Amino acid sequence: MKKFINDTIKTKLNTGQTPAIDFRTNSDDIGHIQFNKNEWSIFFNSKCVHVSKTLNPVINKLNKLNVTKFDLQLNEFKQFI
């Protein structure tokens, strides 16, 4: 999951997109991971629950929140275009 998140954020930064990845768990919890000014953040059910300088603590927190790589969503709004 770490490589996927890192690669996705790098791609989004390089293409001028917002450096964030949404997720939705099986229990319908929602949130996103974002990278901003050398800082990683996790928002979970509309609350900031984690901030760190590196990605490893983000992965640990996602695991504690029961977020898996299968919960990550890309292009979730494509159906509205």
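Quick caveat: nothing in here was measured; it's all calculated off a predicted structure. (Residues numbered from 1 in each chain as written. Predicted model: local features only at pLDDT ≥ 70, side-chain atom pairs only at ≥ 80, totals over all residues. Heavy atoms only, no water.)

**Topic: the pairing of strand β3 (residues 40-44)**
Within β3, four of the five residues are buried, leaving the element largely enclosed by the surrounding structure. Examined bridge by bridge, strand β2 (residues 30-35) and β3 share five bridges and lie antiparallel to one another. In the sheet register, F35 faces β3, and the bridge partner there is W40. Turn length for the β2-β3 hairpin, with the two strands adjacent in sequence and antiparallel, is four residues, and the turn residue K37 shows positive phi of about 50°. Bridge count for β3 against strand β4 (residues 47-52) is five bridges, and the pairing is antiparallel. Bridge pairing in β4 links F43 to C48. Between β3 and β4, which pair antiparallel and follow one another directly, the connecting turn spans two residues, one of which, N45, has a positive phi of 50°. (Buried < 20%, exposed > 50% of the residue type's maximum accessible area, 1.4 Å probe, protein only. Helix = DSSP H or I, 4+ residues; strand = E, 2+ residues; numbered from the N terminus. Pairing = 2+ DSSP bridges.)

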